[in-house]
Amino acid sequence: MLHHFSFANFNIQVVQKKLQRIREGGGHSNMIQDMVEFSALGEKNQDPLNKIGFELISSQNARATSHAKR
């Protein structure tokens with residue numbers, strides 16, 4: 001997901017900063033938080049993701065998965 005979000009939003013600085021924070025973290029609890037953040041980013045930035053053919057259900061699944069892993 002990180003690759004797709006980075007590619008789709010390469011020219012949106014606010015999104016790139018959030019993705020940088022996601023890249024920096026590590027560990028299980030951080031991964032769960034990252035899934036929630038991917039979901040929120042996907043909801044707020046649907047157009048760029050649609051343009052590259054990214055299925056938004058993937059970011060919605062990330063949120064569901066993060067809640068199941070808590």
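Parameters at a glance
- Residues numbered from 1 in each chain as written.
- Predicted model: local features only at pLDDT ≥ 70, side-chain atom pairs only at ≥ 80, totals over all residues.
- Heavy atoms only, no water.
- Helix = DSSP H or I, 4+ residues; strand = E, 2+ residues; numbered from the N terminus.
- Expected span 1.5 Å × (residues − 1).
- Buried < 20%, exposed > 50% of the residue type's maximum accessible area, 1.4 Å probe, protein only.
- Arc of directions from axis to C-beta.
- Phe/Tyr/Trp six-rings, centres within 6.5 Å; stacked < 30°, edge-to-face > 60°.
- Polar contact = N/O pair within 3.5 Å; in protein donor to acceptor, adjacent residues only side chain to side chain.
- Contact = heavy atoms within 4.5 Å.

A.B. asks: So, the environment of Lys51: which residues are in play, and what are the values?
C.D. replies: You can see Lys51 is positioned in helix H4 (residues 46–51). It is 21 Å that separates the C-alpha atoms of Lys51 and Met35, two residues lying 16 residues apart in sequence.

A.B. asks: So what's going on with helix H2 (residues 13–24)? Which residues, and what values?
C.D. replies: Turn by turn, an α-helix covers 3.6 residues, leaving residues three or four places apart pointing in a common direction. Compared with an ideal rise of 1.5 Å per residue, which puts twelve residues at 16 Å, H2 spans 17 Å between its outermost C-alpha atoms and is within 8% of the ideal. Burial in H2 covers these residues: Val15, Gln16, Leu19 and Ile22. All buried residues of H2 fall inside an arc of 115 degrees around its axis, so they share one side. Exposed side of H2, more than 90 degrees from the buried face: Gln13, Val14, Lys17, Arg21 and Glu24 are the residues found there.

A.B. asks: Give a detailed account of the packing of aromatic side chains, specifying residues and quantitative values.
C.D. replies: Tallying each qualifying case throughout the model produces two aromatic pairs. Taking the centre distance of 5.0 Å and the plane angle of 65 degrees together, the rings of Phe5 and Phe38 count as edge-to-face. Here Phe5, found in helix H1 (residues 2–8), pairs with Phe38, found in helix H3 (residues 28–44); they are 33 residues apart in sequence, far enough to count as distant. The burial state of Phe5 is the same as that of Phe38; both residues are buried.

A.B. asks: Talk me through the side chain of Gln16; I want residue IDs and the actual numbers.
C.D. replies: Inspection of the secondary structure puts Gln16 in helix H2. On the accessibility criterion, Gln16 (19% relative accessible area) is buried. In this structure the side chain of Gln16 is engaged in a polar contact, spanning 3.2 Å, whose partner is the backbone oxygen of Ser6. Sequence-distant contacts of Gln16, defined by excluding residues within four places in its chain, comprise Phe5, Ser6, Asn9, Phe10 and Arg23.

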